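Here is what each chain is made of, one letter per residue.
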Amino acid sequence: MSQCALDVLRKEMMYTFLPGIKFPPVQIPPGREPDGREDGARHFGRVGATLQDSNEPLYPALDPQRHGSKLAGPVAAAIEEEIVRLGWPVGAVVATEAELLNRFGVSPPVLRQAVGILESNQIARMRRGPGGGLVVTAPDETSVGAAVALYLEYLKVQPSLVGQARVAIEIACIEMAAQRITDDDVVVLRELVNAEPTRAEEGDFTCLLDVHLAIGELSGNPVLSLFLKMLTSLLVARSTKEGQDRSSQYSSNFDDEHRDHLGIVEALTAGDASLARLRMVRHLEDPLVLQCMMPEGQNTAMRAS
Ligand SMILES: [Zn+2]
């Protein structure tokens, strides 16, 4: 495909589906046009590299090899990179199937495979029918967490190390939350903590985690918040594995934990960041709080460390 034809295609594609997004002219060195059908992906990769810089991806370059498939992997990676550069416009149609086939110069089965990779990674999906095409989707936080949890299981990471990371993140979160908490946030936090006794009476002891996760969100740092959610659910999953019933343990600690939570929220409400931090550190250091997060047999090791 000539540079001119590619320019037209790309302009058509973008201006039709994503109005308002401006692209600089495509710069392709002369004599470096792809000659084979499957090289289209590399071509697209270069195009992707010249796209707008107002939304620079977190990573300098996505590795096309990580998607595995030799032919479809680079196509999936190129589309993914473009979606990142476009600022992940959920719901927008990136291109129709015909446009993608033309653009990458791959066969329909290879494109289907690439779309399959994007679908399984919750990046985009192919919508059939009129107005159809490759639609950008929002990745689901739960499945991201599940993937990380699986990987940590594979690495055989000890729960005590997961717990350590969780404590470090929680302390960072409460410091940040204390700096930016609003009156509305205080109301929500208070409601969460005040609801704990009723929820615990109903046997819902996960209520004790909610205030921690809420403080994670109040940090204003989605990275910390996401990691806190992931690590917490990993610890809970580990501690309840093999059908262990931990509710008796939770219920015996409930009063102490609830009281600690009231104290933490009180310090946040007063805007006293150092007191909030101190109370959170003490709360997290409490062996009984830790114990609820650890599988049987790990508790003593954790306390001794
Ligand atoms: Zn707690």
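Since the model is a prediction, treat every value here as computed from it, not as a measurement.

**Considerations on the overall build of the protein chain**
Counting its secondary structure elements, the protein chain contains 15 helices and 3 strands. For the protein chain, the residues scored as buried account for 29% of the 305 residues in total. Relative to all contacts within the protein chain whose residues are 6 or more apart in sequence, the contacts with residues 24 or more apart total 70%.

**Looking at the nonpolar core**
Core analysis: the largest hydrophobic core is formed by 24 residues, its most contacted members being Ile-174, Ala-177, Leu-231, Leu-268 and Ala-276. At the level of secondary structure, the elements contributing two or more residues to this core comprise helix H7 (159-180), helix H8 (183-194), helix H10 (207-218), helix H11 (222-239), helix H12 (247-269) and helix H13 (273-285). Beyond its immediate sequence surroundings of up to four residues, Ile-174 is in contact with Ile-215, Ala-276, Arg-277 and Met-280. Among the nonpolar cores identified, the runner-up in size contains 22 residues, and Val-75, Ala-78, Phe-104 and Ile-123 belong to it.

**Examining the sheet that holds strand E1 (residues 93-95)**
Within the open sheet, the 3 strands sit side by side as E1-E3-E2. Their pairing is antiparallel. Both edges of this open sheet fall to E1 and strand E2 (124-127), since each of them pairs with a single strand only. Across the sheet, the axes of successive neighbouring strands diverge by a mean angle of 40°, strand direction being ignored. Where E2 meets strand E3 (residues 133-136), 4 bridges bridge the pair, whose relative direction is antiparallel. In the sheet register, Arg-127 faces E3, and the bridge partner there is Gly-133. Across the face of the sheet, helix H4 (residues 97-104) comes into contact with E1, E2 and E3 while running at roughly 40° to E1.

**Examining H4**
Listed as buried for H4 are Leu-100, Arg-103 and Phe-104. Down the axis of H4, the buried side of the element spans an arc of 80°, and every buried residue falls inside it. Gly-105, located one to two residues past H4, shows a positive phi value of around 65°.

**A closer look at the environment of Ala-177**
Within the element layout of this structure, Ala-177 appears in helix H7. Looking at Ala-177, the number of C-beta atoms within 10 Å reads 26, which means it is buried. The sequence separation of Ala-177 and Ala-214 amounts to 37 residues, and the corresponding C-alpha distance is 9.6 Å. Leave out the neighbours within four places in its chain, and Ala-177 touches Ile-215, Leu-218, Ser-219 and Leu-268.

**Here's the deal with the packing of H8 against H10**
The interhelical angle for the contact between H8 and H10, taken along N-to-C directions, is 165°, at an axis separation of 9 Å. The orientation of H8 relative to H10 falls into the category roughly antiparallel. For the pair H8 and H10, the crossing hand works out as right-handed. Touching Asp-185, Val-188, Leu-189, Leu-192 and Val-193 of H8 are Asp-210, Val-211, Ala-214 and Leu-218, all from H10. The class makeup of the residues in the contact of H8 with H10 is 7 nonpolar, no polar and 2 charged.

Criteria and thresholds
- Residues numbered from 1 in each chain as written.
- Predicted model: local features only at pLDDT ≥ 70, side-chain atom pairs only at ≥ 80, totals over all residues.
- Helix = DSSP H or I, 4+ residues; strand = E, 2+ residues; numbered from the N terminus.
- Buried ≥ 20, exposed ≤ 12 C-beta atoms within 10 Å, placed from the backbone.
- Contact = placed C-beta atoms within 7 Å.
- Core = buried A, V, L, I, M, F, W, Y, C linked by C-beta atoms within 7 Å.
- Pairing = 2+ DSSP bridges.
- Axes fitted to C-alpha atoms, helices over the stretch in contact; angles between N-to-C directions.
- Arc of directions from axis to C-beta.
- Parallel < 35°, antiparallel > 145°, perpendicular 65-115°, else oblique.
- Left-handed = near helix turned anticlockwise from the far one by under 90°.
- Nonpolar A, V, L, I, M, F, W, Y, C, P; charged D, E, K, R; others polar.

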